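# Commentary on secondary and tertiary structure
Listed below, chain by chain, are the residues.
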Amino acid sequence: MKKEWKVQNEDGSYTVRTCGWSPPGDHPVGCGMKLHVKNGKLVKVEGDPEHPITNGRLCIRCLTLPEYVHHPQRITHPMKRDPKNRGKDAWTKISWDEAWDIIVPKIKQLKADHGAESIVVFGGTGREACLYYYPLGFASIGTPNVCYPLSGWSCYGPRCAITDYILGAGYPEIDNAGYYPDRFDNPKYVLPKYIMEWGKNPLMSNPDGFFGHSLIDMMKRGSKMICIDPRITWLGTRAEHVCQLRPGSDTALALGFLNVIINEDLYDHDFVDNWTYGFDELKERVQEYPPEKVAEITWVPKEKIIEVARAFATNKPSTIQWGLAVDENPNGVQLGHAILSLAAITGNIDVPGGITIGPPAALLGKWRVETRRNLSEELWDKRIGAKEWPALSTAMATTHPDETLDTLETERPYKLRMGWFNSSNFLSPTCCACPDRWYKGLKKLEFNVVQDCFMTPTAMALADIFLPLPTFAEHDGVVITHFGRNAVFLGAINEALRVGDTRSDIEVCIELGKKLHPDMWPFDDVPDFFTKQLKPELGVDFDGLRELGVWQPDYTYRKFEKGGLRTDGEPGFNTVTGMVELTSTLFEAWGDDALPYFKEPPYSPYSTPELWKEYPLVLTTGARKFTSFHSEHRQIGTLREIDPDPIVEINPATAKALGIIDGDNVMIENMFGKCKMKAQLTPTIHEKVVHCTHGWWFPEKAAEEPSLYGVWEANVNTLVPHKHIGKLGFGAPHKQMICKIYRVDPGHTFTLDSLS
Ligand SMILES: Nc1nc2c(c(=O)[nH]1)N[C@H]1C(S)=C(S)[C@@H](COP(=O)(O)OP(=O)(O)OC[C@H]3O[C@@H](n4cnc5c(=O)[nH]c(N)nc54)[C@H](O)[C@@H]3O)O[C@H]1N2
Ligand SMILES: Nc1nc2c(c(=O)[nH]1)N[C@H]1C(S)=C(S)[C@@H](COP(=O)(O)OP(=O)(O)OC[C@H]3O[C@@H](n4cnc5c(=O)[nH]c(N)nc54)[C@H](O)[C@@H]3O)O[C@H]1N2
Ligand code: SF4
Ligand SMILES: [Mo]
């Protein structure tokens with residue numbers, strides 16, 4: 001059905017129907033909304049009831065979008081600053097032409113004198129930018145070094161890589177009937193009996209393209225929840241089962257479930273016999289994880305482990321959604337392997353109401369891969385850390401994050417000279433462990449460009465050129481869930497207005513690309529660019545997608561029986577053995593164990609008992625909140641009123657023993673660093689576990705160094721060490737450190753120097 005996407009209203013205002021993405025930050029959920037514009041201002045945002053998935057529901061970050069778009073501190077013109085003045089509020093407003101006149105010759109000179117590899121493009125998570133920072137690096141600038149700087153690439157990448165290697169497929173997602181216009185009424189669809197949420201809280205996070213409230217739609221229809229989480233979340237309070245485990249002990253729990261299911265013969269023999277590889281070895285391995293032993297490791301009662309395993313295995317279909325706690329774990333590859341094995345041996349992969357998987361080639365991903373042809377083999381070989389970490393560099397087209405910090409510090413194998421910060425404010429504290437070390441390393445770069453909407457600690461510390469971005473209300477685009485790796489739908493992002501003189505990520509790619517590598521950018525403009533991606537796949541041009549609003553691709557179940565998963569069209573999975581690899585040929589080839597195994601977190605009551613005496617609490621971090629996207633939104637008044645402070649959640653019994661009351665200022669400290677937060681007492685967290693929010697800086701505090709908007713004060717990533725990663729290069733202990741907590745004076749402030 002065709003829809004008007006722009007409607008003129010009688011009072012002179014107009015309404016634009018669109019799907020959301022970024023900025024401000026968000027994953028590609030593509031919620032449907034109507035943007036009301038009057039007298040050149042975005043005056044109101046409301047949900048679009050006709051959107052097939054979100055049905056008019058929006059969260060508070062989109063409802064407050066007008067505050068963001070018209071915020072007085074927003075930067076809407078390019079700016080420059082003398083590198084000598086980094087850290088000082090000494091900016092000069094310039095035009096885009098002036099900006100390009102500085103940037104383009106500098107890139108040319110660095111490439112000529114030191115090679116394109118001396119330039120690194122840094123990007124963060126899941127925003128629209130992450131479709132474009134690869135082409136920005138590869139095709140516009142011409143460097144092989146695109147870096148997602150989070151230690152161990154601990155987000156999404158591990159899940160994609162594990163799925164690539166074990167299933168040979170795109171992103172595994174729970175089946176919420178999103179592919180069908182008639183949704184849950186589609187005759188092909190079956191509602192899952194159980195939904196297992198493993199280290200994920202989608203109501204808050206709406207991650208990777210999954211609309212979290214779908215869970216509520218499904219619960220209303222009868223699905224039951226199982227939550228694997230050290231915190232009892234809102235979903236947990238409504239769940240049939242909660243496993244309140246010790247952070248980082250997850251792989252033992254997954255192996256415990258497998259032990260029960262295999263030993264009690266509750267698995268799907270047909271699927272195991274016909275579509276899996278290495279079941280006997282897995283059966284032998286899980287004997288090392290009887291429920292009694294797993295209970296001791298995980299702090300989850302033995303009876304609960306058995307009950308959950310039975311419930312999941314004997315109710316079909318059931319499904320699992322695995323989240324960030326799987327990635328932010330050096331043992332996370334084994335955890336992901338065990339979770340996929342759990343789904344596979346219970347016959348829940350690629351079936352209605354189970355786990356859906358994308359085709360091997362990502363929809364709309366071809367062009368992104370194509371952009372690499374701009375780089376010679378010789379240049380591609382220089383990608384930082386690629387040779388040292390083949391399991392990571394085979395799946396990810398980036399540098400290895402931890403190696404990138406080492407390269408910055410040591411200047412080996414070569415010196416890095418320029419940084420382009422596309423969508424990461426990572427000092428603040430988000431996309432890195434040890435932000436203090438990154439800060440010092442990045443300061444050595446001779447030229448830095450930052451793209452953002454507001455001045456941030458990262459831009460204040462490092463930028464020589466600041467390029468302003470339009471919000472998603474202010475530019476055209478396409479939102480594709482799961483970045484095309486399992487596209488539930490595609491939606492049009494429609495420009496409703498434009499404030500100031502900004503350029504979107506794709507506009508910057510095209511403009512810079514035409515100046516440096518014009519052959520890579522044969523597009524007239526942004527609509528032409530999208531039309532060339534969409535037409536071959538969808539049969540519509542960009543305007544056609546605007547009229548459709550949302551395009552749902554449909555889903556074919558049991559593709560493994562029909563040849564829909566393999567690139568050669570044969571039945572089976574697109575893996576080395578053609579089967580779901582319960583025993584992984586690739587993990588073994590890369591020097592790791594072929595089977596999942598549990599390894600203690602690097603710092604824990606059991607791996608470092610001496611340190612545990614001094615730091616007797618397990619620290620997990622970063623569980624998402626509605627009111628922020630990582631370091632963003634701290635200057636949005638309505639949102640800040642709801643969540644004014646960085647919070648550490650403590651169990652009341654623990655707090656009492658420490659003499660801490662609700663609202664106290666407390667220091668969270670370990671052998672690597674410290675941060676100051678407000679204590680929030682809650683019985684929903686285990687007595688031996690505390691949880692710190694992440695991404696805090698204070699736009700209201702002093703901008704200049706040494707304060708940098710107070711970025712060192714609540715910087716929880718100073719407590720996370722560098723390169724404590726898994727054997728294959730993935731996963732870091734962001735959600736499983738140890739710490740102590742004590743009260744401090746409310747006025748207590750500190751800078752980088754007082755951290756060490
Ligand atoms: N302790 C702890 N640390 C964590 C986590 C945790 O759980 N615990 N989570 C980690 C995870 S999973 C991730 S992914 C990282 C995220 O870390 P990042 O993705 O690096 O997030 P930010 O540091 O907020 O930086 C993003 C910047 O991009 C800008 N931006 C917003 N939208 C766009 C856009 O469309 N285009 C461009 N070019 N820029 C945009 C924002 O204004 C912001 O300044 O943080 C990690 N850090
Ligand atoms: N509003 C908002 N939405 C976001 C983001 C944001 O910053 N704000 N960030 C986006 C990004 S980049 C990502 S990656 C996703 C992440 O979104 P999710 O995958 O949902 O991850 P989190 O919210 O970090 O954590 C989910 C749950 O894991 C639990 N947990 C903590 N440690 C452990 C552990 O060791 N084991 C287990 N099993 N559970 C544990 C936490 O208590 C929490 O309830 O959210 C995305 N969406
Ligand atoms: S999930 Fe929330 S912030 Fe993201 S597009 Fe939907 S309503 Fe907006
Ligand atoms: Mo993430």
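If you're wondering where the values come from, they're calculated on a predicted model, not measured in any experiment.

## Thoughts on the packing of helix α3 (residues 96–114) against helix α22 (residues 505–516)
In the contact formed by α3 and α22, the axes pass within 11 Å of each other and the chain directions differ by 50°. One way to sum up the angle between α3 and α22 is to call them oblique. Both α3 and α22 take part in a crossing whose hand is right-handed. Contact residues: α3 offers Trp-96, Trp-100, Ile-103, Val-104, Ile-107 and Lys-108, while α22 offers Val-508, Glu-511, Leu-512, Lys-515 and Leu-516. When grouped by side-chain class, the residues that make up the contact of α3 with α22 number eight nonpolar, no polar and three charged.

## Some details on the sheet that holds strand β14 (residues 318–322)
The strand order β12-β11-β10-β14 describes an open sheet built from four strands, whose pairing is parallel. Each of the sheet's edge strands pairs with one partner strand only, and the pair in question is β12 (241–243) and β14. Pairwise comparison of adjacent strand axes, ignoring direction, gives a mean angle of 15° for this sheet. Relative to β12, helix α13 (residues 302–314) is tilted by about 130°, and along the sheet it contacts β10 (194–198), β11 (224–228), β12 and β14. With respect to the sheet, helix α15 (residues 332–345) is in contact with β10 and β14, its orientation differing from that of β14 by roughly 165°.

## A closer look at the domain arrangement of the protein chain
Each assigned domain of the protein chain is listed with its residue range as follows: domain 1 (79–154 + 367–471 + 500–520), domain 2 (172–356 + 576–589) and domain 3 (609–720 + 726–755). Computed over C-alpha atoms, the centres of domain 2 and domain 3 are 30 Å apart. With 18 residues of domain 2 at the contact, the number on the domain 3 side is 22 residues. Regarding the contact of domain 2 and domain 3, the summed buried area is about 1,900 Å², with carbon and sulfur atoms giving 67% of it. Its largest share of buried area at the contact with domain 3, domain 2 owes to Met-204, Arg-231 and Glu-328, together 31% of the area lost on that side. Linking domain 2 with domain 3 are two salt bridges. Counting the contacts that link domain 2 with domain 3 gives five residue pairs in polar contact (both at pLDDT 80 or more). Among the secondary structure elements, those contributing two or more residues to the side of domain 2 that touches domain 3 are α6 (202–205) and α14 (324–327). Looking at the side of domain 2 that touches domain 3 residue by residue, the classes come out as 11 nonpolar, four polar and three charged.

## Thoughts on the site of ligand 2
Among the 32 residues in the neighbourhood of ligand 2, the closest are listed as Ser-205, Asp-229, Asp-250, Lys-625 and Ser-628. Arg-231 has a polar side-chain atom sitting 2.8 Å from an oxygen atom of ligand 2. Ser-628 is positioned such that a nitrogen or oxygen atom in its backbone is 2.7 Å from a nitrogen atom of ligand 2. Considered on its own, ligand 2 offers 910 Å² of accessible surface; in the complex 99% of this is hidden by protein. Of all the elements in the fold, those that place two or more residues in the shell around ligand 2 are α6 and α14. Grouping the amino acids of the shell around ligand 2 by side-chain chemistry returns 12 nonpolar, 12 polar and eight charged. Looking at which domains feed residues into the shell around ligand 2, each of domain 2 (172–356 + 576–589) and domain 3 (609–720 + 726–755) supplies at least three.

## Observations regarding the packing of helix α19 (residues 401–410) against helix α20 (residues 435–443)
Pairs of packed helices are described in terms of their axes, by the angle between the two and the distance that separates them. Two elements in contact, α19 and α20, have axes separated by 8 Å at closest approach and are oriented at 50°. The angle between α19 and α20 falls in the class oblique. Like other packed secondary-structure pairs, α19 and α20 cross with a definite hand, here left-handed. Here Pro-401, Thr-404, Leu-405, Asp-406, Leu-408 and Glu-409 of α19 lie close against α20, whose contacting residues are Arg-437, Trp-438, Gly-441 and Leu-442.

## Comments concerning the side chain of Ser-707
Checked against the element boundaries, Ser-707 lands in the loop between β27 (689–692) and β28 (737–743). Overall, Ser-707 belongs to the buried group, its relative accessible area being 17%. Here the side chain of Ser-707 touches Ala-702 through a polar contact of 2.7 Å, landing on its backbone oxygen. Ignoring anything within four residues of it in the chain, the contact list for Ser-707 reads Lys-701, Ala-702 and Trp-712.

## Let's talk about α19
Most of α19 sits out of view: eight of its 10 residues are buried. Taken together, the buried positions of α19 are Pro-401, Asp-402, Glu-403, Thr-404, Leu-405, Asp-406, Thr-407 and Leu-408. Contact partners of the buried residues in α19: β7 (119–122), β8 (146–147) and α20. Glu-411, located one to two residues past α19, shows a positive phi value of around 65°.

Reading the values: the criteria
- Residues numbered from 1 in each chain as written.
- Chains lettered and ligands numbered in written order.
- Predicted model: local features only at pLDDT ≥ 70, side-chain atom pairs only at ≥ 80, totals over all residues.
- Heavy atoms only, no water.
- Axes fitted to C-alpha atoms, helices over the stretch in contact; angles between N-to-C directions.
- Helix = DSSP H or I, 4+ residues; strand = E, 2+ residues; numbered from the N terminus.
- Parallel < 35°, antiparallel > 145°, perpendicular 65-115°, else oblique.
- Left-handed = near helix turned anticlockwise from the far one by under 90°.
- Contact = heavy atoms within 4.5 Å.
- Nonpolar A, V, L, I, M, F, W, Y, C, P; charged D, E, K, R; others polar.
- Pairing = 2+ DSSP bridges.
- Domains from an automatic or database assignment.
- Buried area = accessible area lost by both parts, 1.4 Å probe.
- Salt bridge = Lys/Arg side-chain N within 4 Å of Asp/Glu carboxyl O.
- Polar contact = N/O pair within 3.5 Å; in protein donor to acceptor, adjacent residues only side chain to side chain.
- Near = heavy atom within 4 Å.
- Areas by Shrake-Rupley, 256 points an atom, 1.4 Å probe, with all protein chains shown as cover.
- Buried < 20%, exposed > 50% of the residue type's maximum accessible area, 1.4 Å probe, protein only.

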